Amino acid sequence: MATETQTQNVSVNNFEQCLKCSICTVYCPVSAVTPLYPGPKQAGPDGERYRLKDKVFFDESLKMCLNCKRCEVACPNDVHIGDIIQAARIKYSTHKPSLRDMMLANTDLVGTMASPFAPIANPVLKLKPMKAVLHSVMGIDKHRTFPDYSNRKFESWFKKEAAPNQDQYSKHVSYFHGCYVNYNYPQLGKDMVKVMNAVGYGVHLLEKEKCCGVALIANGMSKQAKRQGEVNMSSMRKAIVEGHVVLTSSSTCTFTMRDEYDHLLGIDNHDVRDSISLATRFLFQLIEKGEIKLEFRKDFHKRVAYHSACHMERMGWVPYSTRLLRMIPGLEFVMLESQCCGISGTYGFKKENYERSQAIGKGLFDQINDVAPDCVATDCETCKWQIEMSTGVPVMNPISIIAEALDVEATIISNKK
Amino acid sequence: MKFDVIIIGGGLSGLTAGIALAEAGKDVALVSAGQSTLHFGGGSLDLLGYDEQGNEVKNPLDAISNLNGNHPYKKIEDVSRLAGVAKKVLERAGIATAGEANHNHWRVSPIGALLPTWLSLEGMATVEDAGTMPWKRVALVNVVNFLDFPTKFLAAGLRNRGVEVDVKAFTLPELEQLRKSPTEMRSTNIAKVIETNNLIAKIANEVNDIAGGYDMVLLPAVLGIGSSETSRHLLKAIKVPANYVATLPPSVPGVRMQTLLRKRFTALGGTFFTGDQVIEGNFEGDTLKGVKTAKLDGTTLEADNFVLATGSFMSRGLVADYNHVYEPALGVDVEDLGLDRNTWSKIDVTESQPYMEMGVKTDSCLRCQRAGNTIANLYAAGSILGGHNSIKRLDSAGVDMLTALQAVNNILK
Ligand SMILES: Cc1cc2nc3c(=O)[nH]c(=O)nc-3n(C[C@H](O)[C@H](O)[C@H](O)COP(=O)(O)OP(=O)(O)OC[C@H]3O[C@@H](n4cnc5c(N)ncnc54)[C@H](O)[C@@H]3O)c2cc1C
Ligand code: SF4
Ligand code: SF4
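Residues numbered from 1 in each chain as written. Chains lettered and ligands numbered in written order. Predicted model: local features only at pLDDT ≥ 70, side-chain atom pairs only at ≥ 80, totals over all residues. Heavy atoms only, no water.

1. Thoughts on the overall build of chain A
Where we set the bar: Strands are runs of DSSP state E lasting at least 2 residues, helices are runs of H or I lasting at least 4, and numbering of each runs from the N terminus. Relative accessibility decides the category of a residue: with a 1.4 Å probe and only protein chains considered, values under 20% of the type maximum give buried, values over 50% give exposed, and everything between is partly exposed. In what follows, residue pairs with any heavy atoms lying within 4.5 Å of each other are defined as contacts. Method for areas: the Shrake-Rupley scheme with a 1.4 Å probe, in which residue coverage is limited to the protein chains shown.
For chain A, the count of helices and strands is 22 helices and eight strands. Within chain A, the proportion of its 417 residues that are buried is 62%. Sequence separation of at least 24 residues holds for 76% of the intrachain contacts in chain A that already meet a minimum separation of 6. When the accessible surface of chain A is summed, it comes to about 17,100 Å², and 55% of that surface belongs to carbon and sulfur atoms.

What follows is the structure in structure tokens.
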């Protein structure tokens, strides 16, 4: 009886496991730069005790939380601090998203509108008067430059250039490319197809893909996020039935669909979760099993500093990417100390957050400037914007680095054997 | 994923083992479920503070040879040599310490006790001999409204030893800002504010205004998370002798040690699995082939050798339920003293608590056992080892580092 009571005494998000050790407060990037944020311990397990008694204890300052989960990674007792905070926002916040928030959060809607006009939209969004309007009217910080919109979406390129060749392969994967690859940086998607094809895998898009919804959750639009999540899950189920693993090239999309769908949005993803993987992890696992082999160019040389994106760290998958990169003979590898870059998706775009966002990232930018690498590698696209803007050092996804270093001919031959 | 050695647990013992193995050229992985008890560490490392009769120890090396047979130090081949190696490991990680294994000095605890210790981080308040206090008049200078520096206890502790103590406080507009969120006015956040705003010179001015006439200024250790540079600068800028006393957790010198040790480990090429937990071992006969973790579903971490350094009850390296004490990660045997639960603890908290002596069973080479069989390639190190009461003996950092280094030696043999 006593044993039963003890083992069943587990609360939602492990909040009762909190020992009040205060370790989480050491690692919160937000409370490090502003006293206006109550910090993970107070906003999380401590505040939750009060909120459970009465919702008046909910504090809108919780919206300052980046949802970076660095507190969770640090907590020795597996308290899901970030989840507690986000769940409280979903449950209690009465704050209505502004037009600006809706615009920033609807990455695919805005992308769809902007892409055809990319030659116009890109320069216009960079113009000073336009930035001034965005800053004052919309609340999008003037220091920010929107990532360029590509005038040819990845999906359009894929359908025309890649799709017809994919059936010749004997093994297949589905690719959840995400908004960023589709609208802003199709090159990463092309690199992905190049690498997967070289090791003998055909790449396919999902029947229907919606933005994973991470920005919607952050901006208080969890209902819409849930609808989009359901669409993704049902497309993925179809791919899985065909025997495909669903690969991504973004750590944040992966984390959102594997963990936040279930924890925050209440989407049942238990039958899909294990089939969603990051491309670097998938490749690493196949190489380790001896099922594929990568051959690299002899003339490739690059000094690469790896930045651990917050959600990559939360998933615990950093070593898949770093050990994969370290297989490249011409690559000089430097591990950066793990720190938040401060952008957190749409957070750093808001003018009220700009200064805080740059202050959070400063430690990381200083490290990068000290190391002076040829490029920074990271698995997250918003870190790429932030680091490139703040340091001028180019940032590449590990898949793009592999694609650049790959000896395609030799790899194709090795994998045919 | 395959490595030469996998360390489970990223506290002082796990990091020490990881660094020593990486320095020896091994491909090492370290898996740690969250941050460690180093965050409570006071900026000093204890080797042996009290012997089994409870007497203060002056020469730890001598006293260690008189310890009972169950103490983990009995499995160390050459305590004196490994103590020297430990100091060097810290030094190469950027952690300069003062102190010798054959000669304790005394540290000032956050609540004003003077405790015998082995190594102290530079700048920490220490005295050569607690019997003859070198300070006549001490100013305890706190930051206004900082609650994790219990000045009343500290002052009382020092006054008991015949020192005249005045409690003072200073503030600066930047530090005042922190008071907007009282729960976040913690040592590490103060350190971040001081460092980002470059407040050293201003603080030195404030302290110098107070310091006249004192022969020692004691400050809360709220500087230098990433290195000891800023904390050193401040002490130089203060006109009278000044030192730091560790605060209540989180402790900045402890966080600094954690940060620097981890940095050293990754700089040596070690792979850190952050915030992941070992949940199962894959045993074949008397060898451990690999471990599974909570987050790497589908991947087993394999290695030739393993070190279990998951800490004690507080870090969940050991778990107690109503009937027994067990080791949750790999299910290795625990020396639970065969006691009835009612006798695990004593009602008077100041008494020696029997549960403190529980820990995993090991052979003379620090190898773990499962169902009575020794596992040939699984070593235990640090506070997961039983056989001693680290609070009563004041020996935890020494046990952490020395058993880690001994396990490394045994692996490299
Ligand atoms: C409040 C307090 C104050 C202290 N003050 C001092 C002091 O001033 N001076 C001093 O010398 N000593 C002090 N100590 C003691 C000292 O800090 C500890 O004894 C010592 O650091 C223990 O080190 P460790 O490496 O064995 O374990 P820990 O530091 O406990 O580290 C164990 C690590 O393993 C991880 N872990 C646990 N289970 C798993 C798993 N299944 N898989 C992966 N990882 C896992 C944990 O999350 C943790 O990070 C103090 C201890 C406490 C609790
Ligand atoms: S780190 Fe975990 S256990 Fe410690 S105070 Fe934070 S939530 Fe609680
Ligand atoms: S999720 Fe990040 S920003 Fe939010 S409380 Fe935790 S550490 Fe702080």
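There's plenty left to go through after this.
2. Let's talk about unusual backbone geometry
All names here are of chain B. For the bond running from Pro249 to Pro250, omega is -5°, close enough to zero to count as cis. Mapped onto the fold, Pro250 is located in the loop between strand S12 (242-245) and helix H9 (252-267). A positive phi angle, close to 65°, is found at Arg316, a residue other than glycine. Here Arg316 lies in the loop between strand S16 (301-308) and strand S17 (319-320). Backbone geometry places Ala371, a non-glycine residue, at a positive phi of 45°. Note that Ala371 resides in the loop between strand S21 (367-370) and strand S22 (373-380).

3. Considerations on the sheet that holds strand S4 (residues 276-278) of chain A
Either a parallel or an antiparallel arrangement is found when strands of a sheet pair, and the pairing is made through backbone hydrogen bonds. All names here are of chain A. Just so we agree on the cut-off: When DSSP finds at least two bridges between two strands, those strands are taken to pair. Between N-to-C directions, angles cover 0 to 180 degrees, with each direction set by a line fitted to C-alpha atoms, over the stretch in contact for helices.
Pairing is parallel in the open sheet, where four strands are placed in the order S2-S1-S3-S4. If you trace the sheet from one side to the other, it starts and ends with strand S2 (201-205) and S4, each paired once. Ignoring strand direction, the axes of neighbouring strands in this sheet form an average angle of 40°. Two strands pair when backbone bridges link them, and strand S3 (residues 245-248) and S4 are joined in this way by three bridges, in the parallel orientation. Within S4, the residue paired with Thr248 across the bridge is Leu278. In the packing of helix H10 (residues 154-162) onto the sheet, the strands contacted are strand S1 (171-176) and S2, and the crossing angle to S2 comes to about 130°.

4. Examining the site of ligand 3
Selection criterion: Note on terminology: near, applied to a residue and a molecule or strand, indicates that one of the residue's heavy atoms is within 4 Å of it. Each residue receives one of three labels: charged for Asp, Glu, Lys and Arg, nonpolar for Ala, Val, Leu, Ile, Met, Phe, Trp, Tyr, Cys and Pro, and polar for the others, Gly being one of them.
Surveying the vicinity of ligand 3 reveals the residues Cys28(A), Pro29(A), Val30(A), Tyr37(A), Pro40(A), Cys65(A), Leu66(A), Asn67(A), Cys68(A), Lys69(A), Cys71(A) and Ile85(A). When its residues are assigned to classes, the shell around ligand 3 shows 10 nonpolar, one polar and one charged.

5. What to know about the site of ligand 1
Residue and element names in this part refer to chain B. The following threshold applies: By the criterion applied in these results, polar contacts are pairs of N or O atoms within 3.5 Å in which, for protein atoms, one can donate a hydrogen and the other can accept it, and in which residues neighboring in sequence qualify only through two side-chain atoms.
Lining the immediate surroundings of ligand 1 are 33 residues, of which Ala33, Thr37, Val278, Ser315 and Asp400 lie closest. Measuring from an oxygen atom of ligand 1, one finds a backbone N or O atom of Gln35 at 3.4 Å. Interatomic distance of 2.6 Å between a side-chain N/O atom of Thr37 and an oxygen atom of ligand 1. Summarising the interface, the protein chains cover 85% of the accessible area of ligand 1, which totals 1,000 Å² for the free molecule. When residues of the shell around ligand 1 are traced back to their parent elements, those giving at least two are helix H1 (12-23), strand S2 (28-32) and helix H11 (396-412). Looking at which element gives the most residues to the shell around ligand 1, the answer is H11, with three residues.

6. A short note on the state of the cysteines
Residues and elements named next belong to chain A. Operational definition: Cysteine sulfur pairs qualify as disulfides if the two atoms are within 2.5 Å.
On inspection of all chains with the given rule, the structure shows zero disulfides over all chains. For the unlinked cysteine Cys383, the closest cysteine sulfur is that of Cys380, found at 3.7 Å. Residue class for Cys383 comes out buried when judged on its relative accessible area of 6%.

7. So, the side chain of Gln406(B)
Take Gln406(B): it is sitting in helix H11. In this structure Gln406(B) touches Lys75(B), Ile76(B), Glu77(B), Leu82(B) and Leu366(B), once residues within four positions along its chain are discounted.

8. Comments concerning the nonpolar core
The nonpolar side chains of soluble globular proteins are, as a tendency, buried together. Rule in force here: We define the nonpolar core as a collection of buried residues of types Ala, Val, Leu, Ile, Met, Phe, Trp, Tyr and Cys that are connected through side-chain atoms lying within 4.5 Å of one another.
Judged by nonpolar contacts, the single largest core of 200 residues is most densely connected at Ile401(A), Leu45(B), Trp135(B), Leu330(B), Leu378(B) and Leu402(B). Among residues more than four places away in sequence, those in contact with Leu330(B) are Ile8(B), Val278(B), Glu280(B), Gly281(B), Phe283(B), Leu288(B), Val291(B), Leu308(B), Arg370(B) and Leu378(B). Core analysis: the next-biggest nonpolar cluster, separate from the first, contains 25 residues, Phe58(A), Cys65(A), Ile81(A) and Ile84(A) among them.

9. Overview of the packing of aromatic side chains
Residues and elements named next belong to chain A. Applied cut-off: Here a pair means two rings of Phe, Tyr or Trp (six-membered ring of Trp) with centres within 6.5 Å. Their orientation is stacked below 30 degrees between planes, edge-to-face above 60, and tilted elsewhere.
For the structure on display, the rule yields 14 aromatic pairs over all chains. With 5.8 Å between their ring centres and 45° between their planes, Phe154 and Phe158 make a pair best called tilted. Residue Phe154 and its partner Phe158 are located together in helix H10, separated by four residues, close to a single helical turn. Comparing Phe154 with Phe158, the two get one shared label, buried. Ring geometry for Tyr201 and Phe282: centres 5.4 Å apart, planes at 80°, overall edge-to-face. Pair noted here: Tyr201 is in strand S2 and Phe282 is in helix H16 (residues 279-288), with a separation of 81 residues, a long-range link.

10. Side note on a nonpolar patch on the surface
Keep this limit in mind: Two joining distances apply to patches: 9 Å for like charges and 5 Å for nonpolar side chains (Val, Leu, Ile, Met, Phe, Trp, Tyr), and every residue must have over 30% relative accessible area and no salt bridge. Any carboxyl oxygen of Asp or Glu within 4 Å of a side-chain nitrogen of Lys or Arg constitutes a salt bridge here.
Together, Tyr50(A), Val56(A) and Phe57(A) line one region of the surface with nonpolar side chains, adding up to about 340 Å² of accessible area. Along the chain, the position of Phe57(A) falls in the loop between helix H3 (39-53) and helix H4 (70-74).

11. Side note on the environment of Ser181(B)
Among the structural elements, Ser181(B) can be located in the loop between helix H5 (173-178) and helix H6 (187-196). Assessed through its relative accessible area of 5%, Ser181(B) is described here as buried. As a C-alpha pair, Ser181(B) and Ala204(B) span 23 residues in sequence and 25 Å in three-dimensional space. Excluding residues that lie within four positions of it along the chain, Ser181(B) makes contacts with Pro35(A), Tyr37(A) and Pro38(A).

12. Points about the sheet that holds strand S4 (residues 97-98) of chain B
Residues and elements named next belong to chain B. Sheet architecture is open: three strands sit in the order S3-S7-S4, paired in antiparallel fashion. Across the chains shown, the open sheet's two edge strands, defined by having one partner strand only, are strand S3 (44-45) and S4. Bridge count for S4 against strand S7 (residues 119-121) is two bridges, and the pairing is antiparallel. Bridge pairing links Ala98 to Ser120 in S7.

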